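# Examination of the molecular architecture
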Amino acid sequence: MADPPGCCSACATCLLCPYSCQWITAKKERRKGLRTTKYDCSWFLFLFCVFLFTLVWLYFAIIILNDFHNFNEFIFRQRKLWLDWSLVLLIATAVLISYSSVLLVLALCLQLCGQPLKLHWVHKVLLILTALVVAAAFTGLGIKWAEEWKSAWISLQATGPFLHIGAVGGMTLLAWPLASFIYRTRSTGLRVFVLLVYCAAMIALYLAPLGITSPCIMEENQLPPKPALVGHRGAPMLAPENTLMSLHKAVDCDVQVFETDVMVSADGVPFLMHDEELTRTTNVQAVFPEKAALNSTAFNWTDLQQLDAGSWFLERRPFPTVQSLSPGDRQEAAEQRIPSLEQALEAAKHSNLSIMFDLRPENHSDYQNFVNVTLGVILRSGIPLQQVLWLPNGFREDVKQQAPGVQHVYGRKRVENEKEPVLHVNLPYQDMSSEEIRQYRQDNISVNLYVVNQPWLFSVLWCSGVSSVTTNACQVLKEMEHPIWLLPSSTYFMIWIVVDCVSFLIIIWAFVLMK
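Described below are features of the structure shown in this document. No experiment lies behind these values; they were computed from the predicted model shown.

Definitions and limits used
Residues numbered from 1 in each chain as written. Predicted model: local features only at pLDDT ≥ 70, side-chain atom pairs only at ≥ 80, totals over all residues. Heavy atoms only, no water. Buried < 20%, exposed > 50% of the residue type's maximum accessible area, 1.4 Å probe, protein only. Helix = DSSP H or I, 4+ residues; strand = E, 2+ residues; numbered from the N terminus. Pairing = 2+ DSSP bridges. Patch = residues over 30% accessible without salt bridge, like charges linked within 9 Å, V, L, I, M, F, W, Y side chains within 5 Å. Areas by Shrake-Rupley, 256 points an atom, 1.4 Å probe, with all protein chains shown as cover. Salt bridge = Lys/Arg side-chain N within 4 Å of Asp/Glu carboxyl O. Core = buried A, V, L, I, M, F, W, Y, C linked by side-chain atoms within 4.5 Å. Domains from an automatic or database assignment. Contact = heavy atoms within 4.5 Å.

Right, let's get into the pairing of strand 2 (residues 257–264). Summarising burial for strand 2: 8 of the 8 residues are buried, a large majority. Burial of the side chains of strand 2 extends over both faces: V257, E259, D261 and M263 are buried on one face and F258, T260, V262 and V264 on the other. Two strands pair when backbone bridges link them, and strand 1 (residues 228–232) and strand 2 are joined in this way by 3 bridges, in the parallel orientation. Bridging across to strand 2, V230 finds its partner in V257. Across 6 bridges, the pairing between strand 2 and strand 4 (residues 354–359) is parallel. Residue pairing for strand 4: D261 is matched across the bridge by D358. The turn linking strand 2 back onto strand 3 (residues 270–272) is made up of 5 residues, and G268 within it adopts a positive phi angle of 85°.

A word on a nonpolar patch on the surface. Residues W121, V125, L126, I128, L129 and L132 make up a contiguous nonpolar surface patch of about 570 Å² in total accessible area. Within the fold, I128 resides in helix 6 (residues 121–144).

Ranked by size, the top nonpolar core spans 69 residues in total, and within it I355, I378, L449 and L461 carry the most contacts. In terms of residue count, the dominant contributor to this core is helix 19 (residues 455–464) (7 residues). Two domains each provide a minimum of three residues to this core, namely domain 1 (9–214 + 493–514) and domain 2 (228–478). Other than its neighbours up to four places away in sequence, L461 contacts Y429, I437, L449, V452, V466 and V469. Membership of the second largest hydrophobic core comes to 37 residues, among which are L15, L103, L117 and Y198.

Printed below as a string of structure tokens:
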């Protein structure tokens, strides 16, 4: 190992201390004749791989934030414990990525200063633990939340061009420590191998845009209309879900459809409720502790009216937006009660708002009666039937006969030889590709995708031509007048060529300068 050029002894010592966990001066290191061995190089390679591994997990963690409220609800149903687990995820991920990043920067700086890469055993153990934790996270994601892999694939349509630029920039910066290593190493075989790997990686990155596709790479005049907004249980970031306050907040967000869930009480009154138990969104444990674990349909309407359906929203804060509510909104939220379907239909009728709902639970022994009771309330309410979007599949033919004006929305894709044309579909956003969305749009089939909360995802679906999206964040998506980014293909091609050329020139300059 040659003496460090252009690196003072004090700087080298400060770098060696945290990396090797020993306060030893650079002069003593040289006096001991310590060199970077192949064993040390293998640990540096492992450090680099762990850094990339945690970086990929950070990307996944950011992407799955769109659906993390579902995970919070799942944990509550299993453990009866409410916590915003997204904060835990982000904090843990930030710690892991920060640790591996700091070690990698120290190693690269030591290489530039010509110092040996003697990674301390404590760091080795922590790096192995980091790799195991991230591997466990990916495994758990694949087992319990497999649809998020599709979400990650969709996200590449929004981030692909920018990830390419970032990857080219990061690999270009590696040219300096790489050139330092190549000029100092004594092994010709290792030198050639490292250089070939680096060149292969750079060539792959330079050509990566050939495989990058995004619906937002289009001309401005080709952009489809902005998707309509469907309020998922109303506006659940601004008010307790499935309440009249949530419906009114959704109207303020220019939502065109109020999406909700309907159950029928023991005495035959349809009401708004998502969960089969009342524990998450009411104070049933305080009012009826002996019946708290019963199905929502086991309660009569008189009992349901005694429950507080708003205070939980202020206490548990299911979304960060709860903290910014005005005193008036807090007071109104605390006074919310479980609304009946009749009340919701009346509010929707006065607001000229469509209403789309599931009738739950579909496996109930008295489900046909639920359908008939619900239809009776709809017909008596006086709401125009074209404003009612019917989601349940059970006894759909009976619904068509009793209320022929109701719009039927299907939770599946169309199939060949349909007896009746499918005009409306409602699917998870992971289940339809951009190509399928465009095809359905050409065939005049309305496509609603759920649940879309993040602007990047809304932008991709907007560019794809989706008709509407169900969202928790109507107040955010309402303000979007344009997708986050939109690039003509010619502009993107120019950016691609410029980035690659500048990167190539910087790499050549780095190798010439280091020599």
